[in-house]
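Tertiary structure, described
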Amino acid sequence: MSVWAVLLAAIFGFGISAAAAPVFIPYLRRLKFGQSIREEGPESHQKKSGTPTMGGLIILSAMTLATIIVSAIYGVLSVTTLLLLMVTITFGVLGFLDDFIKVAKKRNLGLTSKQKLLGQIVIAIIFYIIFSANDFSSIISIPFTSIEINLGILYVAFVIFWLVGFSNAVNLTDGLDGLVSGTAVIAFGAFALIAWQQEQLALAIFCMAAVGALLGFLLFNAHPAKVFMGDTGSLALGGAIGTVSLLAKQEVLLLLIGIVFVLETLSVMIQVTSFKTTGKRVFKMSPLHHHFELTGWSEWKVVTVFWTVGLAAGILGVLIGVYG
């Protein structure tokens, strides 16, 4: 495979994203598409109210254009590319609707949880239909073992759980400046290396296009953020990374590579369960990043520590994916 293909995808993704942001951010300001901050969140976040949101449109545009252009140049536009872009864009549209309703009504509530869940399930089912029609494997392998589980028709339930779960997990993680942008760079970068080792060029191109687009966006999303990705970005990125793991046949490995997303989700589940059953909270606030903020950590410290955890998990995940 050509190393220039994946490098070009990253360069195009970064260039498009970095060039589009300075144009798009003022446009969002003129439209008054500012983020509403929930009152029950940390008090320090109230000053972020009004920061332009829907920046995920920048990321998705850069990812999509870079993927299509480079894939076309190297002749690897394929079903894999179709599936990746279909899930990413449709989850992005779902997130856009959620964001648009929020800014239109000037409150921190968009689509209802049922509406959002229904949309995610429908997208996951469409993915499975295309996936199964093209003879992709329904076998799940357990790293470091010879165990392989063929779910057969039950794989559709797994796909729904996986895509919905990781879409929401990344969405929950998106609460601090640059947190999702950085952790997603690490996750996509790890899977790019795994896809390269598997000689899946189309998959590697998509992952590196995502890395480039996110790095370009991070220039404007790092603390103090000039723009937020919103649900437009976080729902799409979560669905995309879930899809990447399915196509790489490294589903279980995503639990390690995406450890930050997993821990953030678990913190919410633990908090809700504990409060409903005992009336007590385990964390000062969930998701987990808010807990550390309320213990006295600065926002930047929380983000950099979480990035470091994600990077360590990503490196370990690549070693397992390549040599396990």
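Look up: the structure comes first, before these words.
What you see is a predicted model; the values in this text were computed from it and never measured.

Re the overall build of the protein
The number of helices and strands found in the protein is 12 helices and 2 strands. The order of α-helices and β-strands along the protein, N terminus first, is α-α-α-α-β-β-α-α-α-α-α-α-α-α. On C-alpha atoms alone, the protein measures out to a radius of gyration of 19 Å, which is about the 20 Å that the 2.2 N^0.38 rule sets for 324 residues. In terms of overall dimensions, the protein has a C-alpha envelope of 50 × 50 × 35 Å along the principal axes. Per-residue burial over the protein gives 53% buried out of 324 residues. Sequence-distant contacts in the protein: of pairs separated by 6 or more residues, those separated by 24 or more amount to 77%. Summed over its atoms, the accessible surface of the protein is roughly 14200 Å², and 69% of this surface lies on carbon and sulfur atoms. Positive and negative side-chain charges of the protein, numbering 19 and 15 respectively, have mean locations separated by a distance of 10 Å.

Let's talk about unusual backbone geometry
Cis rather than trans, the peptide bond between H223 and P224 has omega equal to -5°. On the secondary structure map, P224 appears in the loop between α7 (201-221) and α8 (230-247). Here the phi dihedral of M54 falls at roughly 70°; this positive angle occurs in a residue that is not glycine. Here M54 shows up in the loop between α1 (3-30) and α2 (56-73). With phi around 60°, D135 is a residue other than glycine that occupies positive phi space. By secondary structure assignment, the location of D135 is in the loop between α4 (113-133) and β1 (139-141). Residue D135 is classed as exposed on the basis of its relative accessible area of 71%.

Quick notes on the packing of aromatic side chains
Tallied over the entire structure, the rule returns 13 aromatic pairs. With a centroid separation of 6.4 Å and 45° between ring planes, the pair formed by F161 and W162 is classed as tilted. Overall, W162 belongs to the buried group, its relative accessible area being 6%. Among the aromatic residues, those joined into a ring-pair cluster are F127, F131, F136, Y155, F158, F161, W162 and F166. In this structure, K301 is placed above the aromatic ring of W297, and the distance from its NZ or CZ to the ring centre is 4.5 Å.

Notes on the environment of V227
Within the element layout of this structure, V227 appears in the loop between α7 and α8. With a relative accessible area of 0%, V227 lands in the buried category. Through-space distance from the C-alpha of V227 to that of R29 is 9.7 Å; in sequence the pair is 198 residues apart. What V227 contacts, discounting residues up to four positions off in sequence, is I25, L28, T51, P52, G55, F217, F220 and N221.

Here is what the cut-offs are and how they apply
Residues numbered from 1 in each chain as written. Predicted model: local features only at pLDDT ≥ 70, side-chain atom pairs only at ≥ 80, totals over all residues. Heavy atoms only, no water. Helix = DSSP H or I, 4+ residues; strand = E, 2+ residues; numbered from the N terminus. Rg over C-alpha atoms; globule rule 2.2 N^0.38 Å. Buried < 20%, exposed > 50% of the residue type's maximum accessible area, 1.4 Å probe, protein only. Contact = heavy atoms within 4.5 Å. Areas by Shrake-Rupley, 256 points an atom, 1.4 Å probe, with all protein chains shown as cover. Lys, Arg positive; Asp, Glu negative; His and termini not counted. Charge placed at Lys NZ, Arg CZ, Asp CG, Glu CD. Phe/Tyr/Trp six-rings, centres within 6.5 Å; stacked < 30°, edge-to-face > 60°. Lys NZ or Arg CZ within 6 Å of the ring centre and 35° of its normal.

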